[in-house]
2 protein chains.
Amino acid sequence: MVKSKSQKRRAPARRHTRPTPVVDRDTEGRILEAAHAVFVRRGTAGARMQEIAATAGVNPALLHYYFRSKERLSAAVFQRAAGELLPSVISVLASDRSLTEKVESVIDLELSHLSRAPYLPGYIISELAHHPERAVQLVTSLTGLVPAEVGRRVFGALRLQIADAVRRRRIHPIEPEQFVVNLLSLCIFPIAARPMLMALFGADDKSFSRFIEHRRRDLPAFFLRAIRP
Amino acid sequence: MVKSKSQKRRAPARRHTRPTPVVDRDTEGRILEAAHAVFVRRGTAGARMQEIAATAGVNPALLHYYFRSKERLSAAVFQRAAGELLPSVISVLASDRSLTEKVESVIDLELSHLSRAPYLPGYIISELAHHPERAVQLVTSLTGLVPAEVGRRVFGALRLQIADAVRRRRIHPIEPEQFVVNLLSLCIFPIAARPMLMALFGADDKSFSRFIEHRRRDLPAFFLRAIRP
DNA sequence: GTCTATATGTTGATAGAC
DNA sequence: GTCTATCAACATATAGAC
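Residues numbered from 1 in each chain as written. Chains lettered and ligands numbered in written order. Predicted model: local features only at pLDDT ≥ 70, side-chain atom pairs only at ≥ 80, totals over all residues. Heavy atoms only, no water.

Student: How would you summarise helix α6 (residues 99-116) of chain B if you had to cite specific residues and measurements?
Tutor: All names here are of chain B. Between its terminal C-alpha atoms α6 stretches 26 Å, which fits the 26 Å expected from 18 residues at 1.5 Å a residue. All of the buried residues along α6 are Leu99, Lys102, Val103, Ser105, Val106, Ile107, Glu110, Leu111, His113 and Leu114. On its buried side, α6 packs onto α4 (70-85), α5 (87-94), α7 (120-130), α9 (147-167), α10 (176-192) and α12 (205-226). (Helix = DSSP H or I, 4+ residues; strand = E, 2+ residues; numbered from the N terminus. Expected span 1.5 Å × (residues − 1). Buried < 20%, exposed > 50% of the residue type's maximum accessible area, 1.4 Å probe, protein only. Contact = heavy atoms within 4.5 Å.)

Student: Could you give me a rundown of the interface of chain A and chain B, with the residues and numbers involved?
Tutor: Across the boundary between the two partners, chain A contributes 54 residues, which contact 54 residues of chain B. Taken together, both faces of the contact between chain A and chain B bury some 4700 Å²; the carbon and sulfur share is 73%. Our count for the chain A to chain B interface comes out at 12 residue pairs in polar contact (both at pLDDT 80 or more). Only α1 (27-42), α7 (120-130), α8 (133-143), α9 (147-167), α10 (176-192), α11 (194-201) and α12 (205-227) of chain A provide two or more residues apiece to the side of chain A that touches chain B. Per-element tally for the side of chain A that touches chain B: the top contributor is α10(A), with 11 residues. Residues that form the side of chain A that touches chain B fall into these classes: 36 nonpolar, 12 polar and six charged. (Buried area = accessible area lost by both parts, 1.4 Å probe. Polar contact = N/O pair within 3.5 Å; in protein donor to acceptor, adjacent residues only side chain to side chain. Nonpolar A, V, L, I, M, F, W, Y, C, P; charged D, E, K, R; others polar.)

Student: Mind laying out the packing of aromatic side chains, listing which residues take part and the relevant values?
Tutor: Taken as a whole and judged by the stated rule, the model has 14 aromatic pairs over all chains. Ring centres of A:Phe201 and B:Phe155 lie 5.2 Å apart, and the angle between their planes is 80 degrees; this geometry places the pair in the edge-to-face category. Placement of the pair is A:Phe201 in helix α11 and B:Phe155 in helix α9, with the two residues belonging to separate chains. The exposure classification of A:Phe201 matches that of B:Phe155, with both residues buried. An angle of 35 degrees between the planes, with centres 5.5 Å apart, marks the rings of A:Phe208 and A:Phe211 as tilted. Here A:Phe208 and its partner A:Phe211 are both found in helix α12, three residues apart, which amounts to about one turn of the helix. Here A:Phe208 falls in the buried class, since its relative accessible area comes to 2%. Of the aromatic side chains, those joined through ring pairs into one cluster are A:Phe155, B:Phe201, B:Phe208 and B:Phe211. (Phe/Tyr/Trp six-rings, centres within 6.5 Å; stacked < 30°, edge-to-face > 60°.)

Given below as structure tokens:
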């Protein structure tokens, strides 16, 4: 058995006798990767530890050896999954680029990332609905700030940038929070709601991909028109 | 025991000796209502039949008497839940009102409905991710058309209306599908992602409600600017 | 139609050998 | 660190009395 309830388990010693390709990671890494795949596809409650073990190609008992419980494993996976989605956006928004560039970058980043991980938004949304407390933990771990502080710093800088652009008659006044939410909505929702939209459009996979490609092309202009004066 | 695997169970005979307030529905109705509450809050896989029975105030065995299995109960609940979200929007979009009126109506309808049922979008998104086949069934039951036909009719009419407005230089060209998806994204995503956004903003319930109220006020103009020529 | 009692099958988790 | 064997705790589902 293992240490006790205390803290992080030490990672298994790496063998340095040969390089470590992604397909042949250390056990902990393989479990995490498999768990990610299964949790994201089935949802936390629907995921089975046994399926995760099978996917990782390891003995089921090892999941508990490394992560102690399904709850902890799911928390680790959530952190990892959410960490893929937001940091790049936050860094773009917090950069010193122009508003136009920010809009274009965020749209490009989000759409290309999400089209490769279409289950991600739905998983994160659903996970946060059932564990709202993880949202705070998530934002904190991503930014190193408590939420109230994030609001002040990230949105504070954006507010100044917007106010400046408004003063120069470049854009219509808008709260920075609304600016960001509008941008994220237009990127994320279509991917998250993909099955519903496909049914609504009578689209198959291929034509829905075309739809997203059209979006990548048209969305920046759409958004920029919306914030014009 | 019951009929067999055949079809719909007859609803229990209604007692006409007194009116039927919502709180004292017939058993089937109470089960459905309780199941709705539990499935939407916990997700389908996370929901427990026992909790549904307790919420409805009925014996657990009755759930199976009326709905035969958790699977069937969850399908009934999904139909009911999704049926609350889309029909009003579709009827507005398919009406003969102006584009401006359509935009304003959809935003108002969605935001007021969703602010009262914040779990709904997340539930539907997550449910469809795990049961994509239900999307077709849903669209069909709502519109009475197969998806391919919906695309043609609903979006066909909208396409003409947009083309006409473009010809009269009232709006910028846009595909009707993109028009609808943009509109729905801006309404639905902020509610679905509420826990994440609250953490990101450092907002509490009250200030997030204010955020949504600001949205209700500003979103129509935002969207209408985006489709200007 | 509604109840009690129970069957049946999983699931997360652990003990202990290697 | 990894395996086999196994447990206790549910969860869904049914049988049968009332």
